[in-house]
Amino acid sequence: MLDIWSHYPNVAQKLNTVSSLINEHLSTDNPDVQQLLTAAAQEQGKMLRPGLFLLFSELGDKHEQNEEQLLKIAASLEILHKATLIHDDIIDDSPLRHGVVTIQSNFGKDVAVYAGDLLFTAFFEILIDTMNGTSMMKDNAAAMKKLLFGELSQMHARFNQTQTIENYVENIKGKTAELFRLACLEGAYFGKSSSEITPAAASIGENIGIAFQIYDDILDYTSSSKILKKPVLEDLAQGVYTSPLLFALAKDPQAFAPLLDKKQNITVAEIKTVSNLVHKLGGVKDAISFAQSYTEKALEEINKLPQNEITHSIKKLTHSLLNRKF
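## Considering the pattern of salt bridges
Two side chains of opposite charge can pair, provided their charged atoms sit close to one another.
Here is step 1 of the chain: Scanning the model with the defined rule gives eight salt bridges in all.
Here is step 2 of the chain: For the salt bridge of glutamate 178 with lysine 146, the shortest nitrogen-to-oxygen distance reads 3.7 Å. Placement of the pair is glutamate 178 in helix H8 (residues 165–190) and lysine 146 in helix H7 (residues 136–156), with a sequence separation of 32 residues.
Here is step 3 of the chain: Classification of lysine 146 by relative accessible area gives partly exposed; the value is 31%.
Here is step 4 of the chain: Between lysine 251 and aspartate 286 there is a salt bridge, and its shortest N-O distance comes to 2.8 Å. Taken together, the positions of lysine 251 in helix H12 (residues 243–251) and aspartate 286 in helix H15 (residues 283–304) put the pair 35 residues apart, joining distant regions of the chain.
Here is step 5 of the chain: Classification of aspartate 286 by relative accessible area gives partly exposed; the value is 24%.
Here is step 6 of the chain: Residues joined in a network through salt bridges with shared partners are Lys146, Glu178, Arg181 and Glu206.

## Remarks on unusual backbone geometry
Here is step 1 of the chain: You will see that lysine 192, though not glycine, has its phi angle at about 65°, which is positive.
Here is step 2 of the chain: A relative accessible area of 36% means that lysine 192 is categorised as partly exposed.

## Re helix H14 (residues 268–280)
Here is step 1 of the chain: The end-to-end C-alpha distance of H14, which contains 13 residues, comes to 18 Å, matching closely the 18 Å that a straight helix rising 1.5 Å per residue would cover.
Here is step 2 of the chain: Taken as a whole, H14 has its buried residues at Glu270, Ile271, Val274, Ser275, Leu277 and Val278. In an axial view of H14, the angular spread of the buried residues amounts to 160°, which keeps them on one side of the axis. Along H14, exposed side chains directed more than 90 degrees from the buried face belong to Val268, Ala269, Lys272, Asn276 and Lys280.
Here is step 3 of the chain: Next to the buried residues of H14 lie helix H9 (197–222), helix H11 (234–237), H12, helix H13 (253–260) and H15.
Here is step 4 of the chain: Just past H14, the residue glycine 282 takes up positive phi, approximately 80°.

## What about the packing of aromatic side chains?
Here is step 1 of the chain: Enumeration according to the criterion identifies six aromatic pairs in this entry.
Here is step 2 of the chain: Between tyrosine 189 and phenylalanine 190, the aromatic rings sit 4.9 Å apart at their centres with planes inclined by 80°, giving edge-to-face as the arrangement.
Here is step 3 of the chain: Between phenylalanine 290 and tyrosine 294, the ring centres sit 5.3 Å apart and the planes meet at 90°, which makes this aromatic pair edge-to-face. Taken together, the positions of phenylalanine 290 and tyrosine 294, both in helix H15 and four residues apart, correspond to about one turn of that helix. Tyrosine 294 shares its class with phenylalanine 290; the two are buried.
Here is step 4 of the chain: Taken together through their ring pairs, the aromatic side chains of Phe247, Phe290 and Tyr294 make up a single cluster.
Here is step 5 of the chain: Note that lysine 316 overlies the ring of tyrosine 8, its terminal NZ or CZ placed 5.6 Å from the centroid.

Thresholds applied
- Residues numbered from 1 in each chain as written.
- Predicted model: local features only at pLDDT ≥ 70, side-chain atom pairs only at ≥ 80, totals over all residues.
- Heavy atoms only, no water.
- Salt bridge = Lys/Arg side-chain N within 4 Å of Asp/Glu carboxyl O.
- Helix = DSSP H or I, 4+ residues; strand = E, 2+ residues; numbered from the N terminus.
- Buried < 20%, exposed > 50% of the residue type's maximum accessible area, 1.4 Å probe, protein only.
- Expected span 1.5 Å × (residues − 1).
- Arc of directions from axis to C-beta.
- Contact = heavy atoms within 4.5 Å.
- Phe/Tyr/Trp six-rings, centres within 6.5 Å; stacked < 30°, edge-to-face > 60°.
- Lys NZ or Arg CZ within 6 Å of the ring centre and 35° of its normal.

This is the structure in structure tokens:
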């Protein structure tokens, strides 16, 4: 679970406590519901959002910090992320996530919808407990709205061959990058950083999130299903056109039209043909360069922060997250 944090022992130790807090907040006396919540709590990813929050909190004044508050907010970020993933899996009808059976596949879509909603209530409970009366309540509401608009915009754009790379970036700013932005912003804010560092942290988080999503989308065109632990080019089959395809599509829309016009009726063989065209027209190469540009933006912002052991760790983590090999 915490492999990526093994080089950051202080954060890794705190994340173990965060995991325990998540289990506490996803607890109920109802045995049927508890089985569901336990399944949600045990689906552990990289804990990127709470980890980034904790790392950015270390930029601030440790004497003014409330460690219990920090740990709870870190937990809230992961709970919010889990809630969105449950709903994503329902919409995508995904049987697996990271090789693990999804809640919607295990318990049914109707139950999974309520499970996701229940996680949202746990998220709100922590917000009320930790940041009621602060400006961050408004920021969290705005972040959730932006996240949902990103998801809705992506759904609206399904099978749309005229969408641009700018449309794509706007969508991933909401559906993925917004939680990264919020994590880094809240880390700096509740870590009692200076007023100059807080907005910089938000910008760094957003750029990390955009690059992270672009790289994930590139993997769909460069990895096997065994590595991805999901069907290769699943997004393409569902009409979600990501950066490698969009870059290639802009160069030769007529080459793709006979295939993409089939929409959900496209076959596995035709999906492979689309993938070959994307590679042939340089879509993957262009997407890698595009992701690198956002990585560079994040690193430039990090370099503007006061240089110390913590900013060095942030830079190191950014490199490890966004220095992908294909």
